Amino acid sequence: MAATPGKRVFGELEKRRSATTGKVTGWRARYTGPDLERHPRTFGDKMAAESWLNAERILIDRGEWKPPKVRELEARLAEQRSVTLREWAYRSIEGKTLRPGTLYRYKTALEKRILPVLGDIPLKDLTRLDVATWYTKLRVVLAEEARGRKWHGKEKSDGRGAAFSAYQVLSSILNDAVDHELLNASPAKVKGALRYKAVHEPIVVTTDQMWRMTELMPDYLQAIVPLAVTTGLRNGELRALKRRHLDLDDPSRATVTVRGTAADHRERGKFTEIGEPKTDASYREIAIPSFVVPMLREHLEKFSEPGADGIVFRAARGGVMHRQIIQRKWTVVRNAVGLDELHFHDLRHTALTWAARSGATLAELMAIAGHSNSTVVLHYQHLGDEERRHTIAEKLGAAFKDDLAERRALRTPQADTKTGTQASG
């Protein structure tokens, strides 16, 4: 049957009028699709509406039709997935809440290690082979660079740390792409690339070494050594301390409260701004041994800034001390006591080791260290367990040693003769 003249064969058109003036403001086109659902769309003019209906009819006739909303979603995803790794990387890190130092590390790794090789590859085309090839070549380059750097006649590193850091950044950005449905799975699947053990083996200083280093430090920094060794505060946390963070009224119950850290804004060339602590767990209160209190009181009186918000370990001109000031003095002191490879951070390692050996539980070690992840401090727990095992073994053995001594005292020369063990003369 022929269509009625003037009547549409496919779909409908409807004028849209202004509620106030009654004038035509647009046209709504709609049709019933193969899914038996109504699919409407509004246009500014009649010709555009008719063109849309004709295009939809053609898709249906060709068997290529999908609901308009499904096609729109697919188009958006295709557009998003056409972005290069470079474009997505910067969008990704801008969307992350990163500390200034971490943000600097991300951007440095991207610009120096990742983007020069992988940056122009469309995100959707990046393969596991691309990532594996990049990582393998990066390891070779970084190892060669490391061999050219010496530290006291020894290799300071073998390049694995820089490779680990770069791969970690890439992996984070690609995982973020998966979370945003730009990738079905991350192509960063290099086995073992996210496992790294530092070349430097932490050193536990002895009490004698601690006192020698304390005495060798400049007078305005002497108190920082025993405080670091007994509380495990990080370098940045020590430099961010204010007077109100120390409670020294009762030496037997003295505490230090961590509420900030000296942030490294490397992009702005600043290392002396107080920022938020490293993690939520880093907000903590730590007990100070009573023997440290007199040293801290003397330091506060002679060297710290006045007032509750005065910086405890202040710079010469006031404010937060630059980390390099401590590092330069520390290098001289550690060399003087024969510990050339001792890092300042090893004082934190020493504090946690001593705490474990003194019987601190896993929860107590996590509280001292400011860690929410027990894996990080399990090593110290094992040290404490080992110490306690030896203590128990010695206590157990003491009873047998006492009995052995008594048995030996009761032995007579005649008994020894019978067994053929009597000494001559």
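Our subject is the structure that appears above.
Cut-offs and rules
Along every chain, residues carry numbers that run from 1 in the direction the sequence is written. Local features in a predicted model are, by the rule used here, given only for residues with pLDDT of at least 70; side-chain atom pairs are given and counted only at 80 or more, and totals for whole chains, interfaces and linings are based on all residues. Excluded from the side-chain calculations are hydrogens and water; all other atoms, namely the structure's heavy atoms, are used. Two joining distances apply to patches: 9 Å for like charges and 5 Å for nonpolar side chains (Val, Leu, Ile, Met, Phe, Trp, Tyr), and every residue must have over 30% relative accessible area and no salt bridge. Areas reported as accessible are Shrake-Rupley estimates using a 1.4 Å probe. Residue values count occlusion only from the protein chains shown. Between Lys or Arg on one side and Asp or Glu on the other, a salt bridge is scored when a side-chain nitrogen of the former is within 4 Å of a carboxyl oxygen of the latter. The convention is simple: Lys and Arg are positive, Asp and Glu are negative, and His and the chain ends are not counted. Charged side chains are reduced to one point each, which is NZ for Lys, CZ for Arg, CG for Asp and CD for Glu. The helix count covers DSSP runs of H or I at least four residues long, the strand count covers runs of E at least two residues long, and both are numbered beginning at the N terminus. Strands are treated as partners if at least two bridges between them are detected by DSSP. Axes, fitted as lines to C-alpha atoms, cover a helix only where it is in contact. Angles between the N-to-C directions of the axes lie from 0 to 180 degrees. Summary of the burial criterion: residues with accessible area below 20% of their type's maximum are buried, those above 50% are exposed, and those between are partly exposed, where the area comes from a 1.4 Å probe applied to protein chains only. As used here, the arc is the angular range of directions from the helix axis to the C-beta atoms. Each polar contact in these results corresponds to two N or O atoms within 3.5 Å; when the atoms are within protein, one needs to be able to donate a hydrogen and the other to accept it, and residues that are neighboring in sequence are counted only if both atoms are side-chain atoms. By definition, residues are in contact when any of their heavy atoms lie within 4.5 Å. Within 6.5 Å between ring centres, the rings of Phe, Tyr and Trp (the latter by its six-membered ring) count as paired, and their orientation is classed by plane angle as stacked under 30 degrees, edge-to-face over 60, tilted in between.

A.B. asks: Looking at this structure, I do not really get a negative patch on the surface. What am I missing?
C.D. replies: Residues D247, D249, D250 and E285 make up a contiguous surface patch of negative charge. Of note, D247 is situated in strand β6 (residues 246-247).

A.B. asks: Explanation requested: the sheet that holds strand β1 (residues 12-17) in the structure shown.
C.D. replies: Working definition: the strands of a sheet are paired by backbone hydrogen bonds and lie parallel or antiparallel to each other. The strand order β1-β2-β3 describes an open sheet built from three strands, whose pairing is antiparallel. What marks the edges here is a single partner per strand, and that holds for β1 and β3 (38-43). The mean angle between the axes of side-by-side strands here comes to 25 degrees, regardless of whether they run parallel or antiparallel. Across six bridges, strand β2 (residues 24-32) lies against β3 in antiparallel orientation. Across the sheet, the residue bridging to T32 is R38, located in β3.

A.B. asks: Would you take a moment to explain helix α13 (residues 362-369) for this structure?
C.D. replies: An α-helical turn contains 3.6 residues, so a residue and the one three or four places further along point in the same direction. Those residues of α13 that sit buried are L365, M366 and A369. Along α13, the residues classed as buried sweep out an arc of 100 degrees about the axis, all on the same side. After α13 finishes, the residue G370 shows a positive phi value of roughly 75 degrees.

A.B. asks: For this particular structure, what's the right way to read the side chain of T231?
C.D. replies: Counting through the fold element by element, T231 comes out in helix α8 (residues 224-231). Of the polar contacts made by the side chain of T231, one reaches the backbone oxygen of L227; its length is 2.5 Å. When neighbours within four sequence positions are excluded, T231 is seen to be in contact with V256, I286, A287, I288, A351 and I368.

A.B. asks: Explanation requested: the packing of aromatic side chains in the structure shown.
C.D. replies: The geometry of an aromatic ring pair is captured by the separation of the ring centres together with the interplanar angle, meaning the angle of the planes. Under the criterion given, the structure shown has seven aromatic pairs. Relative to Y31, the ring of F10 has its centre 5.2 Å away and its plane inclined at 35 degrees; by these criteria the two rings are tilted. Highlighted residues: F10 in the segment before β1 and Y31 in strand β2, separated in sequence by 21 residues. Relative accessible area serves as the criterion here: at 14%, F10 is assigned to the buried category. Judged by centre distance (5.4 Å) and plane angle (55 degrees), the ring pair of Y31 and W52 falls under tilted.

A.B. asks: Please clarify how the pairing of strand β7 (residues 255-258) should be interpreted in this entry.
C.D. replies: For a regular strand, side chains alternate in direction, first toward one face of the sheet and then toward the other. Burial along β7 is two-sided: T255 and T257 facing one way and V256 and V258 facing the other are all buried. Of the pairings in the sheet, the one linking β6 to β7 comprises two bridges and is antiparallel in character. Paired with L246 across the bridge in β7 is V256. Bridging between β7 and strand β10 (residues 284-287) involves four bridges; their strand directions are antiparallel. Bridge pairing in β10 links V256 to I286.

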